[in-house]
Amino acid sequence: MHFEIIGDIEDVEILAVGGRIRDIMRIQKQFGPGRWRKLKGAAKVRLQSGRIRKAEVHWYEAHGIGRKKMKIKRFLD
């Protein structure tokens, strides 16, 4: 599912850090070593169809690398 974040991500929470991330080996192999964190938050997203909805999004993030593998987990509206 392709989407675009509109505005800021709100209510950001850390779900896991480092070795507590289930897919840490795959993430490090694909994007490189770093202090990886799995996070979640709420944001308005523009879907491929052009529709705008509020959704809970999850992603991985490391300092100097940025946000990777962002996905929509559920819609909040």
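Conventions adopted
- Residues numbered from 1 in each chain as written.
- Predicted model: local features only at pLDDT ≥ 70, side-chain atom pairs only at ≥ 80, totals over all residues.
- Heavy atoms only, no water.
- Pairing = 2+ DSSP bridges.
- Helix = DSSP H or I, 4+ residues; strand = E, 2+ residues; numbered from the N terminus.
- Axes fitted to C-alpha atoms, helices over the stretch in contact; angles between N-to-C directions.
- Contact = heavy atoms within 4.5 Å.

Engineer: How should the sheet that holds strand β2 (residues 37-47) be read in this particular structure?
Structural biologist: In sheet architecture, strand pairing relies on hydrogen bonds along the backbone and comes in two forms, parallel and antiparallel. A sheet is described by the order of its strands in space; here 4 strands give the open sequence β1-β2-β3-β4, paired in antiparallel fashion. In the strand order of this sheet, the two ends are held by β1 (3-17) and β4 (66-75), each with one partner. Strand-to-strand twist in this sheet, taken as the mean axis angle between neighbours without regard to direction, amounts to 30°. Judged from the 7 bridges that link them, strand β3 (residues 52-62) and β4 form a sheet pairing that is antiparallel. From the neighbouring strand, Ala-55 faces β4, where its bridge partner is Phe-75. Against the sheet, helix α1 (residues 24-31) makes contact with β3 and β4, and its axis sits at roughly 135° relative to β4, the strand it touches most.

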